[in-house]
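Structural description and commentary
So you can see what is in the structure, the chains are spelled out below.
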Amino acid sequence: MLDTITHNLQDLKSQSGKIIITTHYKPDGDAMGSSLGLYLYLKSAGIDSQVITPTDYADFLHWLPANDSVMVYEEHKEKANELIANAGYVFCLDFNALSRINEMGEHVGASKAKKILIDHHLDPQDFDDERFIEIGASSTCELIYKYVQTHLDPSFMTKEMGECIYTGLITDTGSFRFASTTSTTIRTAADLMDLGVVPARIYNKLFDQNRLNRLQLLGYLLSEKIELIEDGKVALAHLTAEEVKRFNVITGDTEGFVNYGLSIQGVQMSALIIDREYLVKMSFRSIDKFPCNEFSAEFFNGGGHKNAAGGASKDTLDNTLNKFKESIKTYKSHL
Ligand code: 5GP
Ligand code: MN
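Residues numbered from 1 in each chain as written. Chains lettered and ligands numbered in written order. Predicted model: local features only at pLDDT ≥ 70, side-chain atom pairs only at ≥ 80, totals over all residues. Heavy atoms only, no water.

Brief notes about the packing of helix 6 (residues 159-172) against helix 7 (residues 183-194)
In a pair of packed helices, the angle between the axes and the distance between the axes together describe the arrangement. Test applied: In this analysis an axis means a line fitted to C-alpha atoms, helices contributing only their contacting stretch, and an angle means the value between N-to-C directions, from 0 to 180 degrees. Going along the chain from the N terminus, every DSSP run of H or I of four or more residues is numbered as a helix, and every run of E of two or more is numbered as a strand. Roughly parallel covers angles under 35 degrees, roughly antiparallel covers those over 145, roughly perpendicular covers 65 to 115, and oblique covers all other angles. Working rule for handedness: look at the near helix, and if it is turned counterclockwise from the far one by less than a right angle, call the crossing left-handed; if clockwise, right-handed. We call two residues in contact when some of their heavy atoms are within 4.5 Å. Amino acids are sorted into nonpolar (Ala, Val, Leu, Ile, Met, Phe, Trp, Tyr, Cys and Pro), charged (Asp, Glu, Lys and Arg) and polar (every other residue, Gly among them).
Contact pair helix 6 / helix 7: the axes reach a minimum separation of 10 Å and the direction vectors enclose 155°. With respect to each other, helix 6 and helix 7 are oriented roughly antiparallel. The handedness of the crossing between helix 6 and helix 7 is left-handed. Contacts between helix 6 and helix 7 involve Gly162, Ile165, Tyr166 and Leu169 from the former and Thr185, Thr188, Ala189 and Leu192 from the latter. Residues belonging to the contact of helix 6 with helix 7 are distributed by class as follows: five nonpolar, three polar and no charged.

Next up, the structure:
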């Protein structure tokens, strides 16, 4: 645990500028859960704040309490820049390098606000004033809960905040099944239930509200697009720009697809490579010792966690697929 937090609830209350909460681009369940969880906590404690996300995010997260209060940077740049410049505190959640918030990074970097980094990724960049980092933590949501317990006042927690925090716990741990799940994760979940959170309701909101074409895309990917390479130890699937159009893919539709490859017997590493036209985006997952983050950083300008990482390429899809197949050979000893 890296804990250099010096402020308390009173400091957050008494500062003059607004409190900004931000998270990485294309935010996932943990990113939105931690951001809105903190927002709702502060609100309950009588403190006004504003969540600003660099980009939009998946529809399946729009049910989250206080979702309507979120400002998307790309749609309100001027207003957002002004808020960031005049902020007293900027909370940076679930990312650790300013490049992960796109153009917003320049403005956050230049703002005089105190930057508070709360995160669970390896190798944080040095842009913050205070940090609450635990690499082994299941999720940033788990850390928000811990931060409130240890530095603020837990009595202001609400059921709605709990629903947000629970969302990050289950989306980042694959519903408590990944290796990152610890007894603290489960204890946190139990505490949230005591706050009134109903797991079945959250699960339904997150996973049982599929659009039919998302399921059809999954069916197509599973039946037509999975290749096993490296003696069956690596599962590789890709989608072309044409397929992305054909299935009318929207933000969040392919979330979780990369895990299916990993569920195949003998597979140690799974990759999903998608041509998003402006970029070829990659998701990597592994079990045990294969270091997805190192692999991604070395070949695809990416990063993340040991067992879950991502990267991107500006090259063509075909070249990227070939590069993947060549690169993975150099990591044979990890398979
Ligand atoms: P996903 O595959 O779900 O997009 O991302 C999995 C994990 O990898 C995320 O938690 C995130 O930390 C990391 N990640 C994904 N894409 C990138 C990237 O382009 N750069 C870096 N540094 N990390 C990424
Ligand atoms: Mn996370």
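A closer look at empty space enclosed by the protein
A water-sized probe, rolled over the atoms, reveals where empty space remains. For clarity, the threshold we go by: In the cavity and pocket records, a cavity denotes points on a 1 Å grid over the protein atoms alone where a 1.4 Å probe fits but cannot get out, a pocket denotes an open set with protein on both sides within 12 Å along at least 5 of 7 lines, and lining residues are residues with an atom within 4 Å of a point. Grid points are joined across faces, edges and corners, and a volume is the space filled by probe spheres set on the points.
By the definition in use, this model includes one cavity of 30 Å³ or more. For the largest cavity, the full set of lining residues is Leu221, Ile226, Ala235, Leu236, Ala237, Phe257, Val258, Gly261, Ser270, Ala271 and Leu272. When residues of the lining of the largest cavity are traced back to their parent elements, those giving at least two are strand 9 (234-239), helix 11 (258-262) and strand 10 (269-275). Taken together, the residues that form the lining of the largest cavity break down as nine nonpolar, two polar and no charged.

Notes on the site of ligand 1
Here is the rule: For each residue, the test is whether any non-hydrogen atom lies within 4 Å of the molecule or strand; if one does, the residue is near. As used in this structure description, the phrase polar contact means that two N or O atoms lie within 3.5 Å; if the pair is within protein, one of them must be able to donate a hydrogen and the other to accept it, and residues adjacent in sequence are counted only when both atoms belong to side chains. All accessibility values rest on the Shrake-Rupley procedure with a 1.4 Å probe; residue burial counts only the protein chains present in the view.
Taken together, 14 residues lie near ligand 1, and His121, Lys281, Ser283, Arg285 and Gly303 sit nearest. Within the contact set of ligand 1, an oxygen atom lies 2.9 Å away from a side-chain nitrogen or oxygen of Arg285. Contact with the protein chains removes 78% of the 490 Å² of surface that ligand 1 exposes when unbound. Taken together, the elements giving at least two residues each to the shell around ligand 1 come down to strand 11 (280-286), strand 12 (303-304) and strand 13 (308-313). With four residues, the single largest contributor to the shell around ligand 1 is strand 13.

Section: the domain arrangement of the protein chain
As a measure of interface size, the accessible area lost when the parts come together is often cited. As a reminder, the rule being used: Domain start and stop points were drawn from an automatic or database domain assignment. The term buried area refers to how much accessible surface (probe radius 1.4 Å) is lost by two components on association, counted for both of them together.
The domain architecture assigned to the protein chain consists of domain 1 (2-207) and domain 2 (212-334). With centres defined by C-alpha atoms, the gap from domain 1 to domain 2 works out at 27 Å. With 13 residues of domain 1 at the contact, the number on the domain 2 side is nine residues. Summed over both partners, the interface of domain 1 with domain 2 comes to about 830 Å²; 57% of that surface belongs to carbon and sulfur atoms. When the area that domain 1 buries against domain 2 is broken down by residue, the three leading residues are Phe60, His121 and Leu122, summing to 33%.

Section: the packing of helix 12 (residues 292-300) against helix 13 (residues 317-329)
For the pair helix 12 and helix 13, the least separation of the axes is 11 Å and the interaxial angle reads 125°. In terms of their interaxial angle, helix 12 and helix 13 are classed as oblique. The hand of the helix 12/helix 13 crossing is right-handed. Here Phe295, Phe299 and Phe300 of helix 12 come into contact with helix 13, specifically with Thr320, Lys323, Phe324, Ser327 and Ile328. Partitioning the contact of helix 12 with helix 13 into residue classes produces five nonpolar, two polar and one charged.

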